[in-house]
Amino acid sequence: MIRVQLDIPDDDYLNCVRQAQREELTLSAWLRAAAQDRLQRMRRSARFETEADVRSFFAECDEIEGPTREPEWEDHLAAMRGSRRV
């Protein structure tokens, strides 16, 4: 097994320790689980390899509930302009 040393800001360290304790894990186990979760999310966002992958992706998208109608284009533009002011 390989050991890894991390430099973590004090506040982040305390937050991680507290969360690990809430989940009844050691900090080491919690960090490994967090890393595994991230790796799995990255694998799910991999490129499409076949046409079937693309069709499956869009079928899943069709099942996600969303608004009954799209906002007007001007509303999209206003939201984008507003986010740039922040």
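Just so it is clear, the structure is predicted and the values come from calculations on it, not from any experiment.

Draft legend 1. Geometry of the overall build of the chain. The number of helices and strands found in the chain is 4 helices and 0 strands. Each helix and strand of the chain, ordered N terminal to C terminal, gives the series α-α-α-α. Taking 2.2 N^0.38 as the reference for a compact globule, 86 residues should give roughly 12 Å; the C-alpha atoms of the chain span a radius of gyration of 21 Å, well beyond that estimate. Taken along its principal axes, the extent of the C-alpha atoms in the chain is 50 × 40 × 20 Å. Looking at the chain as a whole, 6% of its 86 residues are labelled buried. Only carbon and sulfur atoms are counted for the fraction: they give 52% of the accessible area of the chain, which is about 8700 Å². Across the chain, the 14 positively charged side chains and the 18 negatively charged ones have centroids separated by 5 Å.

Draft legend 2. Here's a closer look at the pattern of salt bridges. What the rule picks out here adds up to 1 salt bridge. A salt bridge links R55 to E51; its shortest N-O distance comes to 2.5 Å. Of this pair, R55 and E51 both sit in helix α3 (residues 51–63), 4 residues apart, which is roughly one turn of that helix.

Draft legend 3. Focus on the packing of aromatic side chains. Enumeration according to the criterion identifies 2 aromatic pairs in this entry. In textbook terms, an aromatic cluster arises when at least three aromatic residues are bridged by ring pairs, as seen for F48, F57 and F58.

Draft legend 4. Structural detail: the environment of Q36. Mapped onto the fold, Q36 is located in helix α2 (residues 27–44). Between the alpha carbons of Q36 and P9 there is a distance of 22 Å; along the sequence they are 27 residues apart.

Draft legend 5. How the structure looks around unusual backbone geometry. One non-glycine residue, E24, lies in the positive phi region at around 55°. For E24, the position within the fold is in the loop between α1 (10–22) and α2.

Draft legend 6. Region of interest: the environment of R55. Given the relative accessible area of 56%, R55 is considered exposed. Of note is the side chain of R55, whose polar atom sits 2.5 Å from the side chain of E51.

Draft legend 7. A look at α1. Under the 1.5 Å per step criterion, the end-to-end length of α1 is 18 Å for 13 residues, consistent within 8% with the ideal 18 Å. Restricting attention to buried positions, one finds in α1 the residues C16, V17 and A20. Seen end-on, α1 carries its buried residues on one side only, within an arc spanning 100°. Along α1, the residues that are exposed and aim more than 90 degrees away from the buried face are D11, Q21 and R22. Of the residues one or two after α1, E24 is the one with positive phi, at around 55°.

Criteria and thresholds
Residues numbered from 1 in each chain as written. Predicted model: local features only at pLDDT ≥ 70, side-chain atom pairs only at ≥ 80, totals over all residues. Heavy atoms only, no water. Helix = DSSP H or I, 4+ residues; strand = E, 2+ residues; numbered from the N terminus. Rg over C-alpha atoms; globule rule 2.2 N^0.38 Å. Buried < 20%, exposed > 50% of the residue type's maximum accessible area, 1.4 Å probe, protein only. Areas by Shrake-Rupley, 256 points an atom, 1.4 Å probe, with all protein chains shown as cover. Lys, Arg positive; Asp, Glu negative; His and termini not counted. Charge placed at Lys NZ, Arg CZ, Asp CG, Glu CD. Salt bridge = Lys/Arg side-chain N within 4 Å of Asp/Glu carboxyl O. Phe/Tyr/Trp six-rings, centres within 6.5 Å; stacked < 30°, edge-to-face > 60°. Polar contact = N/O pair within 3.5 Å; in protein donor to acceptor, adjacent residues only side chain to side chain. Expected span 1.5 Å × (residues − 1). Arc of directions from axis to C-beta.

These values are about where atoms sit, not about what they do.
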